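Residues per chain are reported as follows:
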Amino acid sequence: MNIIFLGPPGAGKGTQAQFICAKLGIPQISTGDMLRSAIAEGTPTGLKAKAFMDAGQLVPDEVVIALVKERIAKPDAVHGYILDGFPRTVEQAKALETIAPIHVVINLAVEDEVLVKRISGRRCCPQCGTPHHVERLHGSNVCQVDGTCLVQREDDKPETVLSRLKVYHEKTAPLINYYQEKGLLKNINGDAGLEEISAQILETLEALK
Ligand code: AMP
């Protein structure tokens, strides 16, 4: 199954995608992670993307579309995948339709107030990408998966979070109606416990089989 995880920044797309992908044995395709790797490696894509990302703006459509096109052509994506953070504009959604069929769109809905709190407390592992929250780290600052020292993403700093939310409402939220009209949208309340959200997503996917 080819699945899209839609939702504002901080909705838990990455955390849930990681869990569900492990459960289903399909790859998680996160454009944010791919762009951060490209920046770390200093590739031409990374150089193009950096200023946009640091400012909390979207990277140009053609850059991310090319990344996704290349990624989903890899052999591990043949039995399906979760797109985490793509598409983020109607233009990207239209381009995706020419590349691959999408079977379901999981929309994780969370209020802005909750998102700001979540994002500002987020600390990520620079090695494996796993996100953590300061409230659950109990004073520790190392990744629970691989023990690497956690960092705060540049774009998770308070001054950038509000512009990311603004961009979400202007550019990405219209995709909710877009996929609703195509009959692909499944809404999940993203303001619940992690296990509860995972269970609801799995139940929703199970019902489609
Ligand atoms: P994320 O890790 O999904 O929160 O993405 C972090 C940042 O990467 C975003 O704020 C954008 O600057 C950029 N980005 C990730 N995915 C996309 C996308 N599909 N389209 C444009 N920019 C993206």
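The text that follows walks through the structure, step by step, so that each part is easy to find. (Residues numbered from 1 in each chain as written. Predicted model: local features only at pLDDT ≥ 70, side-chain atom pairs only at ≥ 80, totals over all residues. Heavy atoms only, no water.)

## Re the packing of aromatic side chains
In plain terms, the rule: Note on aromatic pairs: the rings of Phe, Tyr and Trp (six-membered ring only in Trp) are paired at centre separations within 6.5 Å, and the planes decide the class, stacked below 30 degrees, edge-to-face beyond 60, tilted for the rest. Partly exposed residues are those whose accessible area sits between 20% and 50% of the maximum for their type, while under 20% is buried and over 50% is exposed, using a 1.4 Å probe and protein chains only.
This model, assessed by the stated rule, comprises 1 aromatic pair. Here Tyr178 and Tyr179 contribute two aromatic rings whose centre-to-centre distance is 5.2 Å and whose plane-to-plane angle is 90°, an arrangement assigned as edge-to-face. For the pair formed by Tyr178 and Tyr179, the shared burial category is buried.

## Topic: the sheet that holds strand E7 (residues 185-189)
How we decide: Strands were regarded as paired on the criterion that DSSP finds at least two bridges between them. Numbering goes from the N terminus for both helices and strands, where a helix is a DSSP run of H or I of at least four residues and a strand is a run of E of at least two. Think of each axis as a best-fit line through the C-alpha atoms, taken over the contacting stretch in the case of a helix, with angles from 0 to 180 degrees between the N-to-C directions.
Taking strand neighbours across the sheet as the criterion, the 5 strands line up as E2-E3-E1-E4-E7 in an open arrangement whose pairing is parallel. The open sheet has two free edges, formed respectively by strand E2 (28-30) and E7, since each of these has just one partner strand. Neighbouring strand axes in the sheet, compared pairwise and without regard to direction, differ in orientation by 25° on average. With 5 bridges connecting them, strand E4 (residues 104-109) and E7 associate as parallel partners. From the neighbouring strand, Ile106 faces E7, where its bridge partner is Lys186.

## A closer look at the site of the ligand
The cut-off we apply is this: Nearness is judged by heavy atoms alone; a residue qualifies as near a molecule or strand once a single heavy atom is within 4 Å of it. Pairs of N or O atoms are called polar contacts if they sit within 3.5 Å, as long as, within protein, a hydrogen donor faces a hydrogen acceptor (for residues adjacent in sequence, only side-chain-to-side-chain pairs). Here the open area of atoms and residues is found with the Shrake-Rupley method and a 1.4 Å probe, where only the protein chains shown may cover a residue. Note on residue categories: nonpolar means Ala, Val, Leu, Ile, Met, Phe, Trp, Tyr, Cys or Pro, charged means Asp, Glu, Lys or Arg, and polar means any other residue, Gly included.
The full set close to the ligand counts 16 residues, and Thr31, Arg36, Gln57, Arg88 and Gln92 are the nearest of them. Here Thr31 contributes a side-chain N or O atom positioned 2.8 Å from a nitrogen atom of the ligand. Contact between the ligand and Arg88: a nitrogen atom at 2.9 Å from a side-chain N or O atom of the residue. Isolated, the ligand exposes 480 Å² of accessible area, and the fraction of that covered by the protein chains is 96%. Class assignment of the residues belonging to the shell around the ligand gives a composition of 6 nonpolar, 5 polar and 5 charged.

## Some remarks on the packing of helix H5 (residues 90-99) against helix H9 (residues 174-181)
Rules: In what follows, a contact means two residues having at least one pair of non-hydrogen atoms within 4.5 Å.
Packing of H5 against H9 leaves a shortest axis separation of 10 Å and a crossing angle of 35°. Contact residues: Val90, Ala93, Lys94, Leu96 and Glu97 in H5; Pro174, Leu175, Tyr178 and Tyr179 in H9. Partitioned by chemical class, the residues of the contact of H5 with H9 number 7 nonpolar, no polar and 2 charged.

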